[in-house]
Amino acid sequence: MRRMMSAIVALMLLAAPAVHAVQPDEIMADPIKEARARELSRELRCMVCQNQSIDDSDAPLARDLRLLVRERIAAGDSNSQVLDFLVARYGEFVLLRPRFERQTMLLWLLAPLLLAGGGFALWRQNRRRAREGANVPTPPLTPDEEAKLAALMSEDAKSS
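None of the values given here were measured: they were computed from a predicted structure.

## Here's the deal with the nonpolar core
Counting 18 residues, the largest nonpolar core has Leu 44, Ile 54, Val 69, Ile 73 and Leu 86 as the members making the most contacts within it. Elements with a minimum of two residues in this core: helix 2 (31–43), helix 3 (60–74) and helix 4 (79–90). With five residues, helix 3 is the largest single contributor of residues to this core. Once you skip the residues sitting within four places of it in the chain, Leu 86 turns out to touch Leu 44, Leu 65, Leu 68, Val 69, Gly 91 and Val 94.

Put into structure tokens, the structure is as follows:
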């Protein structure tokens, strides 16, 4: 029974169409321009939801941004002109993938630099431990330990 319910839920999830927040009254008459608007909408961040594109968000501000994108496309702007207009108006934060520029260089390079620095620190720590482990002298056996070792070795020799 449980397996059947899981299969039904999986089929429902697979059969469900992709959910977009674009309303029917927002859709442009020209399918090519609408495709451009959808493409741009997937690249822009909803300022309310922050981790959703405006194409997926139901927030009123996202709707306003979708309409603004469509207005700019209808006015004849290229994709880069639309993005430049929105960045000038709302800042780089409106882009889901910020551009690689001087102002955003730290944002793009911080994660790889931290990863490389952590790997280097682990490598140095591992080398230091290996070097310290090789230089540590082993203490000599006490007379009691030597007697136990000799007894164990003589038992091992007798059993073989």
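## Details of the pattern of salt bridges
Under the defined criterion, the tally for this structure stands at six salt bridges. Glu 34 serves as the salt-bridge partner of Arg 70, at 2.8 Å between the closest nitrogen and oxygen. Pair noted here: Arg 70 is in helix 3 and Glu 34 is in helix 2, with a separation of 36 residues, a long-range link. There is no split in this pair, since Arg 70 and Glu 34 are both buried. Within the structure, one salt-bridge network assembled from shared partners comprises Glu 34, Arg 38, Arg 42, Asp 55 and Arg 70.

## Here we look at the packing of helix 2 against helix 3
Contact pair helix 2 / helix 3: the axes reach a minimum separation of 10 Å and the direction vectors enclose 135°. When the axes of helix 2 and helix 3 are compared, the pair comes out oblique. In this structure, helix 2 meets helix 3 at a crossing whose hand is right-handed. Contacts from Lys 33, Glu 34, Arg 36, Ala 37, Arg 38, Leu 40 and Ser 41 in helix 2 reach Arg 66, Val 69, Arg 70, Ile 73 and Ala 74 in helix 3. Of the residues that constitute the contact of helix 2 with helix 3, the class distribution is five nonpolar, one polar and six charged.

Criteria and thresholds
Residues numbered from 1 in each chain as written. Predicted model: local features only at pLDDT ≥ 70, side-chain atom pairs only at ≥ 80, totals over all residues. Heavy atoms only, no water. Core = buried A, V, L, I, M, F, W, Y, C linked by side-chain atoms within 4.5 Å. Buried < 20%, exposed > 50% of the residue type's maximum accessible area, 1.4 Å probe, protein only. Helix = DSSP H or I, 4+ residues; strand = E, 2+ residues; numbered from the N terminus. Contact = heavy atoms within 4.5 Å. Salt bridge = Lys/Arg side-chain N within 4 Å of Asp/Glu carboxyl O. Axes fitted to C-alpha atoms, helices over the stretch in contact; angles between N-to-C directions. Parallel < 35°, antiparallel > 145°, perpendicular 65-115°, else oblique. Left-handed = near helix turned anticlockwise from the far one by under 90°. Nonpolar A, V, L, I, M, F, W, Y, C, P; charged D, E, K, R; others polar.

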